[in-house]
Amino acid sequence: MIDNGKPLTQSGVSERIWELAVEDLDAFEREVERYYRLAYPGFTPVKYDFERRIIWLRDDR
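Residues numbered from 1 in each chain as written. Predicted model: local features only at pLDDT ≥ 70, side-chain atom pairs only at ≥ 80, totals over all residues. Heavy atoms only, no water.

Enquirer: Before we go on, may I ask you to explain unusual backbone geometry in this structure?
Expert: Even without a glycine there, the phi angle at Arg 53 is positive, about 55°. Within the fold, Arg 53 resides in the loop between strand 3 (43-49) and strand 4 (54-59). For Arg 53, a relative accessible area of 37% translates into the label partly exposed. (Helix = DSSP H or I, 4+ residues; strand = E, 2+ residues; numbered from the N terminus. Buried < 20%, exposed > 50% of the residue type's maximum accessible area, 1.4 Å probe, protein only.)

What follows is the structure, encoded as structure tokens:
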């Protein structure tokens, strides 16, 4: 998958974070942003595949 000319990387998060998507999508998105800002600086989540539970990341380093 490509975004703005850059290849994307597949990643995932814990079940706790995925459960937020069902309860509160805004909270899910905030938690995903927070997780990747801390765990993978320089990577930006750009797409979510809820069915396959994949988060697509763009390398902005």
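Enquirer: Can you walk me through the side chain of Ser 11 in this structure?
Expert: Secondary-structure assignment places Ser 11 in strand 2 (residues 6-11). Within the local environment of Ser 11, its side chain forms a polar contact with the side chain of Tyr 36, the two groups lying 2.8 Å apart. Residues within four places of Ser 11 in sequence aside, it is in contact with Tyr 36, Arg 53, Ile 54, Ile 55 and Leu 57. (Polar contact = N/O pair within 3.5 Å; in protein donor to acceptor, adjacent residues only side chain to side chain. Contact = heavy atoms within 4.5 Å.)

Enquirer: Explanation requested: the environment of Asp 49 in the structure shown.
Expert: Here Asp 49 shows up in strand 3. The exposure class of Asp 49 is buried, given its relative accessible area of 19%. A sequence separation of 34 residues divides Asp 49 from Glu 15, and the C-alpha atoms of the two residues are 14 Å apart. Non-local contacts of Asp 49, meaning those with residues more than four positions away in its chain, are made with Trp 18, Ile 54 and Trp 56.

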